[in-house]
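Descriptive analysis of the structure
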Amino acid sequence: MEETSIDVIIDPTFRETVTYSPKKDTMKVVVYFLAKAKNVDYTPQEDEISEIKWVDISHASNILSYENDRTIVSKARTAIKDAH
C-alpha cells in the first residue's frame, strides 16, 4: 500500500524471503506474499518503483529480469494452483 496505493488482502499461507546485498555494507531482506487486490488503480512511489504492470501469472516469468524473481513467481503459481 505504501509504495503503490493498492490495498490488498494478504494470503498468510504463502511467504518467501530473499536476502541480498545491493551495495557494500548493505543487506536487504525482501518478504514476498500472495495477496488479492481490493483496487486496481495505483499511484507508484516514484523513488521506489520504476514501473507497475498487471500481468497474468502465467506470463510473469517472461518479463522478470532476475532468476530469483522467476523462482518466487513459480512457487506462487504452484501455491495458487494448489489452493484451487
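Now for a quick tour of the structure. Just so it is clear, the model here is predicted, and its values are computed rather than measured.

**Remarks on the overall build of the protein chain**
On a plain count of helices and strands, the protein chain comes out with two helices and two strands. The N-to-C order of helical and strand elements in the protein chain reads β-β-α-α. The dimensions of the protein chain, computed from C-alpha atoms along their principal axes, are 45 × 25 × 25 Å. Counting across all 84 residues of the protein chain, residues that qualify as buried make up 14%. Sequence-distant contacts, at least 24 apart, represent 51% of the contacts inside the protein chain between residues at least 6 apart. A total of about 6,900 Å² of accessible surface is found on the protein chain, and carbon and sulfur atoms cover 50% of it. Separation of charge centres in the protein chain, based on 11 positive and 15 negative side chains, amounts to 6 Å.

**Brief notes about the environment of Thr13**
Here Thr13 lies in strand β1 (residues 8-23). Linking Thr13 and Val55, residues 42 residues apart in sequence, is a C-alpha distance of 22 Å. Within polar-contact distance, the side chain of Thr13 engages the side chain of Asp11 at 2.6 Å.

**What about the pattern of salt bridges?**
If you walk through the whole model with that rule in mind, you get four salt bridges. Asp7 is the salt-bridge partner of Lys38, the closest N and O atoms lying 3.6 Å from each other. Remark: Asp7 occurs in the segment before β1 and Lys38 occurs in the loop between β2 (26-37) and α1 (57-63); sequence separation between them is 31 residues. On the basis of relative accessibility, which here comes to 29%, the residue Asp7 falls in the partly exposed class. A salt bridge links Glu51 to Lys53; the shortest N-O distance between them is 3.8 Å.

**Observations concerning the layout of surface pockets**
A probe matching the size of a water molecule, rolled over the atoms, marks out where space remains unfilled. Looking at the largest pocket, its volume works out to about 2,600 Å³. The wall of the largest pocket is formed by 46 residues, among which Thr4, Tyr32, Phe33, Lys53 and Leu64 lie closest to the centre. Among the residues making up the lining of the largest pocket, the classes are represented as 31 nonpolar, six polar and nine charged.

So, how was this worked out
- Residues numbered from 1 in each chain as written.
- Predicted model: local features only at pLDDT ≥ 70, side-chain atom pairs only at ≥ 80, totals over all residues.
- Heavy atoms only, no water.
- Helix = DSSP H or I, 4+ residues; strand = E, 2+ residues; numbered from the N terminus.
- Buried < 20%, exposed > 50% of the residue type's maximum accessible area, 1.4 Å probe, protein only.
- Contact = heavy atoms within 4.5 Å.
- Areas by Shrake-Rupley, 256 points an atom, 1.4 Å probe, with all protein chains shown as cover.
- Lys, Arg positive; Asp, Glu negative; His and termini not counted.
- Charge placed at Lys NZ, Arg CZ, Asp CG, Glu CD.
- Polar contact = N/O pair within 3.5 Å; in protein donor to acceptor, adjacent residues only side chain to side chain.
- Salt bridge = Lys/Arg side-chain N within 4 Å of Asp/Glu carboxyl O.
- 1 Å grid on protein atoms, 1.4 Å probe; cavity = no way out; pocket = protein on both sides within 12 Å on 5 of 7 lines; lining within 4 Å.
- Points joined across faces, edges and corners; volume = space filled by probe spheres on them.
- Nonpolar A, V, L, I, M, F, W, Y, C, P; charged D, E, K, R; others polar.

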